[in-house]
Amino acid sequence: MTAKVECLQGDIANQPDIDAVVNAANALLRPGGGVAGALHRAAGPELDRACRTLAPIQPGEAVITEAFNLPNRHVIHCLGPVHGRDTPEAKLLADCYRNALELAERQGLASIAFPALSAGAFGYPLAEAARVALTTVQETLPRCPGIERVRFVLFDAGSAKLFQDTLDSLD
Ligand code: AR6
């Protein structure tokens, strides 16, 4: 079965029909701002406690926890590259998507939702982040037969359109 890849405008902390949501984490897996702040706020303090046992993580790495008060089964935490600091940044960003998908597959999950990793506080240009994200997901999905749905959740309409246009250009 070919997984459905979709791009939606929305809040990553409100994706109740998805097994695992992906956190745009910091190295210490602390709450922080942006996606990490939204997910930790919605999940509650137990997420922070669970994260402490797994930190620190390296750029490109993905680790998994329970989702606590979020409406999902799991949170997969990825540390994206900081634009202009961590190199090679495109490979490290691709590693996040690949490692997250493979982790979800190993856990027997059928659906996963990603934000635009590194494209906020970490400064990665959005168009380039979209290209890396979508090409990596397309390349990795054949090795993840259990994954039925991959959702990109973008905070604003312009970003969602950019991701959708990038996805359409790959087909
Ligand atoms: N739902 C979906 N997308 C969101 C949400 C949300 N609730 N909130 C922000 N975005 P960022 P990064 C978008 O900064 O660049 C944190 O402080 C946002 O507009 O969350 O990987 C961590 O603690 C942007 O397009 O992640 C780290 O220190 C994208 O999600 C650091 O920021 C990613 O923005 C990680 O930086």
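Residues numbered from 1 in each chain as written. Predicted model: local features only at pLDDT ≥ 70, side-chain atom pairs only at ≥ 80, totals over all residues. Heavy atoms only, no water.

### Considerations on the site of the ligand
- Around the ligand there are 21 residues in total, and Asn-26, Val-35, Ser-118, Gly-120 and Ala-121 lie nearest to it.
- Between Asn-26 and the ligand, the recorded distance is 2.6 Å, taken from a side-chain N or O atom to an oxygen atom.
- In this structure, an oxygen atom belonging to the ligand sits 2.8 Å away from a main-chain N or O atom of Ser-118.
- Its atoms largely coinciding with the cavity grid, the ligand occupies the largest pocket.
- Examining the composition of the shell around the ligand, we find that four residues originate from one element, helix H1 (residues 34–43), more than from any other.
- In terms of residue class, the shell around the ligand is made up of 13 nonpolar, seven polar and one charged. (Near = heavy atom within 4 Å. Polar contact = N/O pair within 3.5 Å; in protein donor to acceptor, adjacent residues only side chain to side chain. 1 Å grid on protein atoms, 1.4 Å probe; cavity = no way out; pocket = protein on both sides within 12 Å on 5 of 7 lines; lining within 4 Å. Sits in = over half its atoms within 2 Å of the grid points. Helix = DSSP H or I, 4+ residues; strand = E, 2+ residues; numbered from the N terminus. Nonpolar A, V, L, I, M, F, W, Y, C, P; charged D, E, K, R; others polar.)

### Some words on the packing of helix H4 (residues 126–140) against helix H5 (residues 157–170)
- H5 packs onto H4 with a crossing angle of 45° between their chain directions and a minimal axis gap of 9 Å. In terms of orientation, H4 and H5 fall into the oblique class. For H4 against H5, the interelement crossing comes out right-handed. Only Ser-159, Leu-162, Phe-163, Thr-166, Leu-167 and Leu-170 of H5 make contact with H4, whose side of the interface consists of Leu-126, Ala-127, Ala-130, Arg-131, Ala-133, Leu-134, Thr-135 and Gln-138.
- Partitioning the contact of H4 with H5 into residue classes produces nine nonpolar, four polar and one charged. (Axes fitted to C-alpha atoms, helices over the stretch in contact; angles between N-to-C directions. Parallel < 35°, antiparallel > 145°, perpendicular 65-115°, else oblique. Left-handed = near helix turned anticlockwise from the far one by under 90°. Contact = heavy atoms within 4.5 Å.)

### Some remarks on the nonpolar core
- Among the nonpolar cores identified, the biggest contains 37 residues, and Ile-76, Ile-112, Phe-114, Val-137, Val-150, Phe-152 and Phe-163 are the most heavily contacted of them.
- When residues of this core are traced back to their parent elements, those giving at least two are strand E1 (4–9), strand E2 (20–24), strand E4 (74–78), helix H3 (89–106), strand E5 (111–114), H4, strand E6 (149–154) and H5.
- Here the element with the most residues in this core is H3; it accounts for eight residues.
- Those residues within four positions of Ile-76 in sequence are excluded, and the remaining contacts are Ala-20, Val-21, Val-22, Asn-23, Ala-62, Val-63, Ile-64, Ala-100, Leu-103, Ala-104 and Ile-112.
- Counting residues in each nonpolar core, the second largest holds 19 residues, with Ala-13, Ile-18, Val-21 and Leu-79 among its members. (Core = buried A, V, L, I, M, F, W, Y, C linked by side-chain atoms within 4.5 Å. Buried < 20%, exposed > 50% of the residue type's maximum accessible area, 1.4 Å probe, protein only.)

### A look at the side chain of Asp-19
- Along the chain, Asp-19 turns up in the loop between E1 and E2.
- No salt bridge is formed by the buried Asp-19, whose closest oppositely charged neighbour, Arg-73, lies at an N-O distance of 4.0 Å. (Lys, Arg positive; Asp, Glu negative; His and termini not counted. Salt bridge = Lys/Arg side-chain N within 4 Å of Asp/Glu carboxyl O.)

### Let's talk about the sheet that holds E1
- Taken together, the six strands give an open sheet; going across it, the order is E1-E6-E5-E2-E4-E3, and neighbouring strands pair in mixed fashion. At either end of the open sheet lies a strand with only one pairing partner, and these are E1 and strand E3 (62–66). Going across the sheet, the axis of each strand differs from the next one's by a mean of 25°, ignoring polarity.
- As paired elements, E1 and E6 share six bridges and run parallel to each other. Across the sheet, the residue bridging to Glu-6 is Arg-151, located in E6.
- Lying on the sheet, helix H2 (residues 45–52) is in contact with E3 and E4; it crosses E3 at an angle near 135°.
- Sitting on the sheet, H4 is in contact with E1, E5 and E6, with an inclination near 175° to E6. (Pairing = 2+ DSSP bridges.)

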